[in-house]
Amino acid sequence: MKQISDRAFGGRSTSGFSDFDCARVIFDSCYVPLSLVPGEFTVFSDVTLADVSHVNCSLLTSRLERISLDGMKRLGSDPLFLWGCVFSQVELAGHMSGLKINRRVAAGTIATPAQQAAWDLAVSAYYSDVDWALDISKAKFAGGVTFEALPGEKIKRNVET
């Protein structure tokens, strides 16, 4: 597993990545572009992130699997936008700021209603094989956060908080 710490990253990525541990990293204007082919996700898997920060980043139509994120801070004015992403065994813990999970594959009218409907079907098919998608039971959220894109029964919560 690759180890990355005390660095800053920025720019566009057209491919996903897997098998790394990341600590005290700043993601600055990182962007994973949109796919309009239903179910053609950019894959991020088997990743551990701790005490990371982000500045104006977006992930579009990505598949996040077996990811642990402990502590995320927003440095810019925008949240981390996740557009049309799916999750499987993603754990969030610690203080989280600036997170917006959207059902739509992109902002505005980039995707037609027919393209969005096709993505919605692909996402539904994906979740039919997922035991749990997102564990937020150990996370503390600063400000607003949305989970509109995830089936409620696929989210693990702390019922006491």
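Scroll up for the structure.
What comes next concerns the included structure. (Residues numbered from 1 in each chain as written. Predicted model: local features only at pLDDT ≥ 70, side-chain atom pairs only at ≥ 80, totals over all residues. Heavy atoms only, no water.)

### Some words on the layout of surface pockets
Approximately 690 Å³ is the volume attributed to the largest pocket. Lining the largest pocket are 34 residues; nearest its centre among them are F17, F27, F44, L49 and L59. Class assignment for the residues of the lining of the largest pocket results in 27 nonpolar, six polar and one charged. (1 Å grid on protein atoms, 1.4 Å probe; cavity = no way out; pocket = protein on both sides within 12 Å on 5 of 7 lines; lining within 4 Å. Points joined across faces, edges and corners; volume = space filled by probe spheres on them. Nonpolar A, V, L, I, M, F, W, Y, C, P; charged D, E, K, R; others polar.)

### Quick notes on the nonpolar core
The biggest cluster of nonpolar side chains holds 45 residues, and the ones touching the most others in it are L49, F87, L92, I101, Y127, L134 and L150. Examining the composition of this core, we find that seven residues originate from one element, strand β9 (residues 86–102), more than from any other. Contact partners of L150, with chain neighbours within four places excluded, come to F87, I101, Y127, A133, L134 and I155. (Core = buried A, V, L, I, M, F, W, Y, C linked by side-chain atoms within 4.5 Å. Buried < 20%, exposed > 50% of the residue type's maximum accessible area, 1.4 Å probe, protein only. Helix = DSSP H or I, 4+ residues; strand = E, 2+ residues; numbered from the N terminus. Contact = heavy atoms within 4.5 Å.)

### Describing the side chain of D135
Checked against the element boundaries, D135 lands in strand β10 (residues 134–146). Although D135 is buried, it forms no salt bridge, and the closest oppositely charged side chain is K156 at an N-O distance of 4.8 Å. If we skip the residues at most four places from it in the chain, D135 touches V90, E91, L92 and K156. (Lys, Arg positive; Asp, Glu negative; His and termini not counted. Salt bridge = Lys/Arg side-chain N within 4 Å of Asp/Glu carboxyl O.)

### Topic: the packing of aromatic side chains
Taken as a whole, this structure holds eight aromatic pairs when the rule is applied. An angle of 25° between the planes, with centres 5.7 Å apart, marks the rings of F81 and W83 as stacked. Judged by relative accessible area, W83 falls into the buried class, the value being 14%. Both rings, one in F141 and one in F147, keep their centres 5.7 Å apart while their planes meet at 70°; by these two values the pair is edge-to-face. Looking at F141, the relative accessible area reads 28%, which means it is partly exposed. By way of ring pairs, the aromatic residues F41, W119, Y126 and Y127 are connected into one cluster. Directly above the ring of W132 sits K156, whose terminal nitrogen or CZ lies 4.2 Å from the centroid. (Phe/Tyr/Trp six-rings, centres within 6.5 Å; stacked < 30°, edge-to-face > 60°. Lys NZ or Arg CZ within 6 Å of the ring centre and 35° of its normal.)

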